[in-house]
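Close look at the chain arrangement
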Amino acid sequence: MDARYLLGRNVLSMNTKAKDGDSWIWKGILEGISNIQQHCSWRIGNGRRIQICKDVWLPNSTAKLQKPHRCPHYIYKLEALIIPDGNWDEAQISNIFIREEAAVILTVQTHPNEEDRMIWNINNIGVFSVKDLYQAKIDHLYRNDTPAGYWETIWNMEVAPVIKIFIWKCAHGILPTNAKTANILHYINPLCTVCNSGEEETMSHMFLNYTTTASVWQEILGTSHTLFDNNTIFIEWMNSWFQLGNTDCSIFATTCWYICKARCDFIFKQIQTYVGVITFRIRQYLCNHNRIHAVPNHILNNFPLLPEEAENTHAHYTWNAETGFGKHISICTIQDPENFVCYTSLTMTDFAGNIIGTRGHPGHYGEWGVTGGADLAFQWAKEMQHTNIAISAESMDILYRFKLLYNEASQGRFHLKYYEAGQSQEDTSTNMAINPISFVLLNLGIITRSQNMEAFNLAFFARTTLAD
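Residues numbered from 1 in each chain as written. Predicted model: local features only at pLDDT ≥ 70, side-chain atom pairs only at ≥ 80, totals over all residues. Heavy atoms only, no water.

**Describing the nonpolar core**
- In terms of nonpolar packing, the biggest core is built from 33 residues, with I167, F207, F234 and W241 touching the most fellow members.
- Here this core gets 8 residues from one element, more than from any other, and that element is helix α12 (residues 249-269).
- Leave out the neighbours within four places in its chain, and I167 touches I154, M157, M238, W241, F242 and A253. (Core = buried A, V, L, I, M, F, W, Y, C linked by side-chain atoms within 4.5 Å. Buried < 20%, exposed > 50% of the residue type's maximum accessible area, 1.4 Å probe, protein only. Helix = DSSP H or I, 4+ residues; strand = E, 2+ residues; numbered from the N terminus. Contact = heavy atoms within 4.5 Å.)

Take a look at the structure:
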């Protein structure tokens, strides 16, 4: 490169203005050299390496000196302007340069016992550092930004790193929406191509005003939420997330991330994503992430540890259809007092309370008989892929057993052996060799016998029939 392009010139003094026909690689190289030139300067020694009109050597200047008309042709190195004792030749400088330039030159310190050398101006040791250059570029890029007090809160949110980076981009206003990109690339259409409403695709339109987006927020927050309206500016609403006491930042951030992801799927992959699919993915992600990272308010992490606590937590753990669309599995286990055989029945209802399926087993002894309903319910839930599931039982032991099964399956999905088992189902001796689970566990709840009469009647019928 030196032999072909530089031809012996000093790279730090070369012209870095790109030509129209230059390649993108060469333009990138020139930009990198320009960045370095901005923060380099000459430390003047004996003046033998510095050319007066071809190098940038005056302090606080990024331009080369124009050759004075009165400059003799033999004076082209800086050493010609320095007298033997190391000081400037004031008479010659005043004769060659105009008054303003001469005054600046005479203020520059010389080091006659040293060689001329380039020094790095943005650290204390004068040696080039990529880290220092990057920090200088960042400081220059955001020099006009208003300082915000929420950056630390963004990086401490209980979400995946990719969502934190996404929210950071939103906070800086650099998310590549159509309107934002059109400000840089003028051939880009700034209008929303998802809803074709004729409005510009800004962050406010994408996250708050688009019809599908509004339906997603209603599913997540409820139809009567008052957090924003059609006149809300997204960046202002986002700033309100981080106010003291707001614990819903992770929900808001995750919802925005999946809305943006659905938008990108539609534009770049032509995949039509519906409200129910987006909502399910959001709830599934929050459920899995919060469980794996032991977030305290997750249903499994906040589950009562002692059976006697169940009575006090009944209201919190009972099934509520408003939690979201999905299925509800009720478990009832009864024991024959004569032979101690346990009979289990399961009923599945939809969000409206309609029974849509039943299961059971004929009777077992011992621990399997007492808690076997949890295994049966877990297997049934696994078959209901991409579905919200709530579990209710009359016994805390059954709920503990279901919690254990769900924990193992959820944690297993983040283990390498799980993916190996997904490729080869030969190893069935470990918990990793299970079928993938994608259902979202909405609730684990204690219910009374009167609330579970359908399942009880089936279990009682099984016990009576098989006993006879």
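**Focus on the packing of helix α7 (residues 161-172) against α12**
- Here α7 crosses α12 at 85°, and the two axes come no closer than 10 Å. Viewed along their axes, α7 and α12 adopt a mutual orientation that is roughly perpendicular. Within the contact between the two elements, α7 uses V162, I163, F166 and I167 and α12 uses A253, T254, C256, W257 and C260.
- Looking at the contact of α7 with α12 residue by residue, the classes come out as 8 nonpolar, 1 polar and no charged. (Axes fitted to C-alpha atoms, helices over the stretch in contact; angles between N-to-C directions. Parallel < 35°, antiparallel > 145°, perpendicular 65-115°, else oblique. Nonpolar A, V, L, I, M, F, W, Y, C, P; charged D, E, K, R; others polar.)

**Some details on the environment of H328**
- Within the secondary structure, H328 sits in strand β3 (residues 327-335).
- Sequence separation between H328 and A381 is 53 residues, and the spatial gap between their C-alpha atoms is 9.6 Å.
- A polar contact is formed between the side chain of H328 and the side chain of S392, at a distance of 2.7 Å. (Polar contact = N/O pair within 3.5 Å; in protein donor to acceptor, adjacent residues only side chain to side chain.)

**Some remarks on the packing of helix α10 (residues 211-221) against α12**
- Direction vectors running N to C along α10 and α12 enclose 150°, while the axes themselves pass 11 Å from each other. Relative to α12, the element α10 lies roughly antiparallel. Here α10 and α12 pass one another in a crossing that is right-handed. Facing α10, whose interface residues are T213, V216, W217, I220 and L221, α12 presents I251, F252, T255, C256 and I259.
- Looking at the contact of α10 with α12 residue by residue, the classes come out as 8 nonpolar, 2 polar and no charged. (Left-handed = near helix turned anticlockwise from the far one by under 90°.)

**Some remarks on helix α2 (residues 24-38)**
- The first and last C-alpha atoms of α2 sit 21 Å apart over 15 residues, in line with the 21 Å expected at 1.5 Å per residue.
- If you check which residues of α2 are buried, you get W26, L30, I33 and N35. (Expected span 1.5 Å × (residues − 1).)

**Things to note about the pattern of salt bridges**
- Following the criterion strictly, the structure yields 8 salt bridges and no others.
- E79 serves as the salt-bridge partner of R48, at 3.8 Å between the closest nitrogen and oxygen. Of this pair, R48 sits in the loop between β1 (40-43) and α3 (90-96) while E79 sits in the loop between β1 and α3; the two residues are 31 residues apart in sequence, bridging distant segments of the chain.
- We classify E79 as partly exposed; its relative accessible area is 36%. (Salt bridge = Lys/Arg side-chain N within 4 Å of Asp/Glu carboxyl O.)

**A closer look at the side chain of E201**
- With respect to the helices and strands, the residue E201 is situated in the loop between α8 (178-182) and α9 (203-209).
- By relative accessible area, which is 1% here, E201 ends up buried.
- A distance of 2.7 Å separates the side chain of E201 from the side chain of R263, its partner in a polar contact.

**Digging into the packing of aromatic side chains**
- All chains considered together, the criterion is met by 17 aromatic pairs.
- Measuring from ring centre to ring centre gives 5.7 Å for F378 and F402, while their planes differ by 75°; the resulting arrangement is edge-to-face. A residue pair is termed long-range when its members are at least 10 positions apart, and F378 in helix α15 (residues 366-383) and F402 in helix α16 (residues 396-412) qualify at 24 residues.
- Note on F378: relative accessible area 8%, which makes it buried.
- On the accessibility criterion, F402 (0% relative accessible area) is buried.
- An aromatic cluster is built from F166, F207, W217, F228, F234, W237, W241, F252 and W257, whose rings are joined through pairwise contacts.
- Looking at K27, its charged tip hangs above the ring of W24, at a distance of 4.8 Å from the centre. (Phe/Tyr/Trp six-rings, centres within 6.5 Å; stacked < 30°, edge-to-face > 60°. Lys NZ or Arg CZ within 6 Å of the ring centre and 35° of its normal.)

**Quick notes on a nonpolar patch on the surface**
- Residues I184, L185 and Y187 make up a contiguous nonpolar surface patch of about 370 Å² in total accessible area.
- Examined against the element boundaries, L185 turns out to sit in the loop between α8 and α9. (Patch = residues over 30% accessible without salt bridge, like charges linked within 9 Å, V, L, I, M, F, W, Y side chains within 5 Å. Areas by Shrake-Rupley, 256 points an atom, 1.4 Å probe, with all protein chains shown as cover.)

**As for unusual backbone geometry**
- If you check the backbone angles, N196 has positive phi at about 55° while not being a glycine.
- Position of N196 among the secondary structure elements: in the loop between α8 and α9.
- Judged by relative accessible area, which is 60%, N196 ranks as exposed.
- Even without being glycine, Q270 reaches a positive phi, approximately 55°.
- Mapped onto the elements of the fold, Q270 is located in the loop between α12 and α13 (275-292).

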